[in-house]
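Report on the structure
Here is what each chain is made of, one letter per residue.
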Amino acid sequence: MNRLIFRILTISTMIIAPFFAQAQDGSSTGSGTLQLTLDQALEIALSESNTIKIADMTIEKTGYAQKGSYAALYPNINVSGSYQRTLLKQVMVMDMGGQTMEIKVGRDNNITTSASASMPLVNAQLWESLKLSAMDVEMAVEQARSSKIGLIKQVKQAFYAVLLAEKSLDVVSEVYSNAQKNYEKTLQRFNVGKVSEVERLRSQVTMMNAEPAVSSAENTIVLATWQLKAVMGIDLDTDIQVVGDLIDYTNEMLAPYASEEDLSNNSSLLQLEIQDRMLESTIKMQKNQYLPTLAASINYNYSAMGDDELRWFPSSNAALSLNIPVFDGFQKRFNIKQTKVTRNMLALQREDTERNLRVAIRNFNDQMALSIKNYQAADATVEVAQKSYDISEKMYEVGKATIVELNDAQVALMQAQLTQAQAVYNFMVTKASLDELIGKE
């Protein structure tokens, strides 16, 4: 029986531990008990989770940045105006025919208004930078998809953890119920002198040892439910009740399964691919710095000067500006080489990432295969253990078996039931991780 309690506490620890690493505040979805299936939990998470909201905002922000980058293609128009009041006019001294003359220069009022417009006509570097802006948006979208896939995995695993906790509670509750019935039977037999004091004490200790396991399992359900609510992004005080049983996923686990090794939708590799294209575009942009640029501009000025009466004079000009790079101390050349090295490093990183991902895929497939074997073995054991317990119980009732033998039979039965539930849980949790790795939404 002590082994069984240790098993329950181990499962409880396994379920509770991720909560402290993953729990986060969420928003309230209302009052009352909320009945949740897995699909409903995923739907709420994808609408309420801050992770998804932040990802959507990132896409929106990057979209604005892209639109802002296109502003460089449009004319840049500016209008300005100024007014100047002369407080003390400048005096010029001149020698006129032997006479010294002092002449004040300037007017009391000076007004100037101007309008200017300029835009690039030929600028290959600018055009390539616009492609980079579009890739920034593409990267934000892929990162948002990665966040969504990661959230789906977390919700699934948290949901399965609640189901496992509930299954564990069912098991230990049955253990406690049987221990109570056995103690009552033992006490009755003790009162009529059919069993010893030691037998009665053993039965009582078994019952008392089973009670803490029930409390621990109940607490595990509470914490596992908190974890589910946290990853869903809802208030931790919201009352929810998950719908389903781990056994409901048995058919999915035992269905024919083809090993999945397609990494074409893996988010990490897709992001590395986008980064590679961004570096390629950066190199083109840096090479385009060697090319001449041509810009056009036009100015219109309207100014007035005078003391009491203002006289207005317009002026205007248009210009073409050609800029030809000649020499910059090899700065552009070294920048291009630096970017090429960075791209080569990224290629090596992608190679290592893909290799590690394929190892992870095989590991997940092996874990899922092992879970299936464990379930099949536990399924056969449960049937045998149930018969063994039923026989031991009847033998104990007629005095042909001891309480120790009955407890051993019960421990074997409960151990098989827990192993069965654990196998289903391990399979579904591993499958959720595999789906995330291959980029399955």
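Look a little higher up for the structure.
Residues numbered from 1 in each chain as written. Predicted model: local features only at pLDDT ≥ 70, side-chain atom pairs only at ≥ 80, totals over all residues. Heavy atoms only, no water.

1. Considering the sheet that holds strand β5 (residues 109–122)
On the basis of which strands lie adjacent, the open sheet formed by 4 strands has the order β2-β5-β7-β8 and antiparallel pairing. Strands with a single pairing partner mark the edges of an open sheet, and in this sheet they are β2 (76–85) and β8 (311–323). Neighbour-to-neighbour, the strand axes of the sheet open up by a mean angle of 15°, direction not taken into account. Pairing geometry for strand β7 (residues 293–306) and β8, over 13 bridges, is antiparallel. (Pairing = 2+ DSSP bridges. Helix = DSSP H or I, 4+ residues; strand = E, 2+ residues; numbered from the N terminus. Axes fitted to C-alpha atoms, helices over the stretch in contact; angles between N-to-C directions.)

2. Considering the environment of Leu322
Within the secondary structure layout, Leu322 lies in strand β8. You can call Leu322 exposed: its relative accessible area is 56%. Once the C-alpha coordinates of Leu322 and Ala295 are considered, the two residues, 27 residues apart in sequence, prove to be 6.6 Å apart. (Buried < 20%, exposed > 50% of the residue type's maximum accessible area, 1.4 Å probe, protein only.)

3. A few points about helix α9 (residues 403–437)
Here α9 is 35 residues long and its end C-alpha atoms lie 50 Å apart, about the 51 Å a rise of 1.5 Å per residue gives. When you tally the buried positions in α9, you get 27 out of 35 residues, the bulk of the element. Immediately beyond the C-terminal end of α9, within one or two residues, lies Gly439, with a positive phi of roughly 80°. (Expected span 1.5 Å × (residues − 1).)

4. Side note on the packing of helix α5 (residues 197–232) against α9
Closest axis-to-axis distance for the α5/α9 pair is 10 Å, and the angle between their directions is 25°. Our classification of the angle between α5 and α9 gives roughly parallel. Contact residues: Glu199, Arg202, Ser203 and Thr206 in α5; Ile403, Val404 and Asn407 in α9. A breakdown of the residues in the contact of α5 with α9 according to their chemical character gives 2 nonpolar, 3 polar and 2 charged. (Parallel < 35°, antiparallel > 145°, perpendicular 65-115°, else oblique. Contact = heavy atoms within 4.5 Å. Nonpolar A, V, L, I, M, F, W, Y, C, P; charged D, E, K, R; others polar.)

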